[in-house]
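Now for the letters of each chain:
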Amino acid sequence: MFKVIKLKSLLIVLVALLLTAAILLTAIFCARKESAATAFSPLPKKTVVIDAGHGGADPGVTGIRTGVKESELNLKTALVLGEIFLSAGYRAVQTRYDEGSTAEGDFDKTADMKARRAVIERAAPDAVISIHMNKYQDASRRGVQVFYVTESSRALAENMQKHLNQTMNMPTLGREFEPLKGDYYIADNGSIPSVIVECAFLSNPIDESLITSADYRLRLASEIEISVARYLKESA
Ligand SMILES: [Zn+2]
């Protein structure tokens with residue numbers, strides 16, 4: 001009898017131990033699974049569309065000193081801007097990735113612009129940044145100027161222009177710009193904040209030599225990304 005009771009007690013202890021072990025293992029497994037799920041479920045990425053203005057048979061304006069094409073500088077600036085956004089964790093979509101136009105077939109400006117709009121609509125971005133170069137009859141005019149069309153783009157334009165004044169315009173020119181409102185098809189995207197950045201005046205030889213430098217384009221693109229990131233964070 002004593003032996004049976006002892007055996008029973010041992011069995012109970014054994015079952016209790018097994019149960020505890022099973023509970024502990026389940027808890028550890030679940031915790032691991034949860035931390036793995038946390039580690040591998042990324043936050044939804046913000047999307048930006050970057051539009052390198054002109055391209056194909058449309059070179060845009062040309063440099064006063066070297067004749068460099070705006071389309072070429074726009075593309076170089078847009079591509080480096082895209083790289084910066086990608087490395088900051090954004091989804092960056094370009095309207096063109098080479099010197100060709102956005103629309104297929106023979107060059108047609110209207111078709112090209114509509115193809116750019118289609119890229120924007122497909123991407124459903126949080127912001128659109130169109131990259132251009134400026135030109136003015138007074139060759140002394142210099143600096144980075146931001147344009148916008150819709151009221152939903154005003155805050156982005158103001159934030160970006162202010163940031164570019166502090167980081168680019170004031171140090172090199174000692175002057176500030178106000179963002180300008182205009183009527184531009186590419187920046188007219190309903191509720192999506194959209195701006196045009198006129199990166200430099202190709203009618204000015206100093207601006208022309210600055211923007212033809214990869215270092216300057218990288219610096220400008222970094223400041224553009226900072227201002228967009230800050231705006232998207234604040235408006236979230
Ligand atoms: Zn242009």
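Throughout this document, residue positions are counted from 1 along each chain, in the order its sequence is written. Residue-level local features of this predicted model are given only where pLDDT is at least 70; pairs of side-chain atoms are given and counted only at 80 or more, and the full residue set underlies all totals for whole chains, interfaces and linings. In computing side-chain values, all of the structure's heavy atoms are included and hydrogens and water are not.

## Describing the packing of aromatic side chains
No. 1: Ring pairs shown here join Phe, Tyr and Trp side chains whose ring centres sit within 6.5 Å, with only the six-membered ring taken for Trp; geometry is labelled stacked below 30 degrees between planes, edge-to-face above 60, and tilted in between. Taken as a whole and assessed by the stated rule, the structure comprises 2 aromatic pairs.
No. 2: Judged by centre distance (5.1 Å) and plane angle (80°), the rings of Phe85 and Tyr90 are edge-to-face.
No. 3: The exposure class assigned to Phe85 is buried, which follows from its relative accessible area of 0%.
No. 4: Relative accessibility under 20% of the residue-type maximum defines a buried residue, over 50% an exposed one, and the middle range a partly exposed one, all with a 1.4 Å probe and only protein chains included. The buried category is assigned to Tyr90, whose relative accessible area is 12%.

## Description of the pattern of salt bridges
No. 1: For salt bridges, the criterion is a side-chain nitrogen of Lys or Arg within 4 Å of an Asp or Glu carboxyl oxygen. Applying the stated rule across the entire model yields 8 salt bridges.
No. 2: Residues Lys109 and Asp58 are paired through a salt bridge, measuring 2.6 Å at the closest nitrogen-oxygen approach. With Lys109 in helix H3 (residues 109-123) and Asp58 in the loop between strand S1 (47-52) and helix H2 (70-87), this residue pair connects regions lying 51 residues apart in the sequence.
No. 3: On the accessibility criterion, Lys109 (33% relative accessible area) is partly exposed.
No. 4: Its relative accessible area of 13% is what places Asp58 among the buried residues.
No. 5: A salt bridge links Glu151 to Arg154; the shortest N-O distance between them is 3.0 Å. Counting from the N terminus, the helices are the DSSP runs of H or I reaching at least four residues and the strands are the DSSP runs of E reaching at least two.

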